[in-house]
Amino acid sequence: MKILKRTFYERDTAVVAQELVGKIIVRVIDKNTILQAMIVETEAYLGLHDPASHAYGGKRMRNAPLYGPVGHAYVYFTYGMYYCLNFVCRAPGIPAGGTLIRAVEPIAGIEYMEKKRHKHSIHGLTNGPGKLTQALSINRDLNGIDVTKKGSIYVIDALEIAKKDIVITTRVGISKAIDEKLRFYIKNNTFVSKK
DNA sequence: CACCCGATTATCT
DNA sequence: GATAATCGGGTGT
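The structure displayed is predicted, hence computed values, not measured ones.

## Quick notes on the overall build of chain A
Then step 1. Counting its secondary structure elements, chain A contains five helices and eight strands.
Then step 2. Walking chain A from its N terminus toward its C terminus, one meets helices and strands in the order α-α-β-β-α-β-β-β-α-α-β-β-β.
Then step 3. The C-alpha atoms of chain A give 15 Å as radius of gyration, which agrees with the globular expectation for 195 residues (16 Å, within 12%).
Then step 4. Referenced to the eigenvectors of the C-alpha coordinate spread, the extents of chain A come out at roughly 40 × 35 × 30 Å.
Then step 5. Taking the contacts inside chain A whose residues are at least 6 apart along the sequence as the reference set, 58% of them involve residues at least 24 apart.
Then step 6. Of the roughly 9800 Å² that chain A leaves accessible, carbon and sulfur atoms contribute 55%.
Then step 7. A distance of 4 Å separates the average location of the 29 positive side-chain charges in chain A from that of its 17 negative side-chain charges.

Next up, the structure:
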């Protein structure tokens, strides 16, 4: 399994968001605890001209990573209690952009994830952006980290998901640009978030 | 299953 | 002062 290179992230944000579906997030907690999960749902946030993007309206303290180098994590805190994970990606010349990871399917370290989520089963473990960060122990400490190098979090290549098995639809939980079809998920996958 | 609402705080207006 | 790229628990059907 190969780590996704920086060039993977250096393309149109919507294309990267779609192609991230099926890839695997590796989260290294410590030597004995290495979590793996396949990305099953993403959303593209296009940046400066996308009203729903945190990057909309220009660079500020919170959204700075979206303006930084591609292939890095952007982790933000929301609703007073949840973290959400993004990967910075955009075509050359575009000022900002990123992909929100909305849902993953656990592969390894499931017991650790259940413990973190205070659950006894895989049901509802990682089918939401706030849930998966809790399961994978993702917080502000990972904001800005390079995910193209082996470290505490990185992304590896995996199976190619056929285009016919990916659903493209509108984004969730936003109040602006609600008609843009920038959400991507694997058809018939039980770990995709509801709605 | 549908809808409603409270939790809790960083960030922006 | 309001809102937010959310979630889980509650009530009613």
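## Some remarks on the protein's contact with DNA strand B
Then step 1. Lining the immediate surroundings of DNA strand B are Arg60, Arg62, Phe77, Tyr79, Gly80, Met81 and Arg140.
Then step 2. Among all atoms of DNA strand B positioned within 4 Å of the protein, those belonging to sugar or phosphate total 67%.
Then step 3. Side-chain polar atom of Arg60 to a phosphate oxygen of DNA strand B: 2.7 Å apart, as the coordinates give it.
Then step 4. Gly80 is positioned such that a nitrogen or oxygen atom in its backbone is 3.5 Å from a base oxygen of DNA strand B.
Then step 5. Of the residues contributing to the surface near DNA strand B, the split by class is three nonpolar, one polar and three charged.

## Digging into the protein's contact with DNA strand C
Then step 1. His54, Tyr76, Asn86, Gly130 and Lys131 are the nearest of the 17 residues found near DNA strand C.
Then step 2. Counting only the atoms of DNA strand C within 4 Å of the protein, the fraction contributed by sugar and phosphate is 52%.
Then step 3. The separation between a base nitrogen of DNA strand C and a polar side-chain atom of Asn86 is 2.3 Å.
Then step 4. Backbone polar atom of Gly173 to a phosphate oxygen of DNA strand C: 3.3 Å apart, as the coordinates give it.
Then step 5. Sorting the residues of the surface near DNA strand C by element identifies strand E4 (82–88), strand E5 (98–108) and helix H5 (129–135) as the ones contributing at least two each.
Then step 6. Element by element, the count of residues in the surface near DNA strand C is highest for H5, at three residues.
Then step 7. Of the residues that constitute the surface near DNA strand C, the class distribution is eight nonpolar, six polar and three charged.

## Regarding the pattern of salt bridges
Then step 1. By the definition in use, this model includes nine salt bridges.
Then step 2. Ionic pairing is found between Asp157 and Lys23, a salt bridge with its closest N-O pair at 3.7 Å. Here the residue Asp157 occupies a position in the loop between strand E6 (153–156) and strand E7 (166–169), and Lys23 occupies one in the loop between helix H2 (13–20) and strand E1 (24–30), the gap between them amounting to 134 residues.
Then step 3. Here Arg171 ties to Asp50 by a salt bridge, and the two come within 2.7 Å at their closest N and O atoms.

## Notes on a nonpolar patch on the surface
Then step 1. A contiguous nonpolar patch, built from Phe77, Tyr79, Met81 and Tyr82 and spanning about 480 Å² of accessible area, is present on the exposed surface.
Then step 2. In this structure, Tyr82 sits in strand E4.

Analysis parameters
- Residues numbered from 1 in each chain as written.
- Chains lettered and ligands numbered in written order.
- Predicted model: local features only at pLDDT ≥ 70, side-chain atom pairs only at ≥ 80, totals over all residues.
- Heavy atoms only, no water.
- Helix = DSSP H or I, 4+ residues; strand = E, 2+ residues; numbered from the N terminus.
- Rg over C-alpha atoms; globule rule 2.2 N^0.38 Å.
- Contact = heavy atoms within 4.5 Å.
- Areas by Shrake-Rupley, 256 points an atom, 1.4 Å probe, with all protein chains shown as cover.
- Lys, Arg positive; Asp, Glu negative; His and termini not counted.
- Charge placed at Lys NZ, Arg CZ, Asp CG, Glu CD.
- Near = heavy atom within 4 Å.
- Polar contact = N/O pair within 3.5 Å; in protein donor to acceptor, adjacent residues only side chain to side chain.
- Nonpolar A, V, L, I, M, F, W, Y, C, P; charged D, E, K, R; others polar.
- Salt bridge = Lys/Arg side-chain N within 4 Å of Asp/Glu carboxyl O.
- Patch = residues over 30% accessible without salt bridge, like charges linked within 9 Å, V, L, I, M, F, W, Y side chains within 5 Å.

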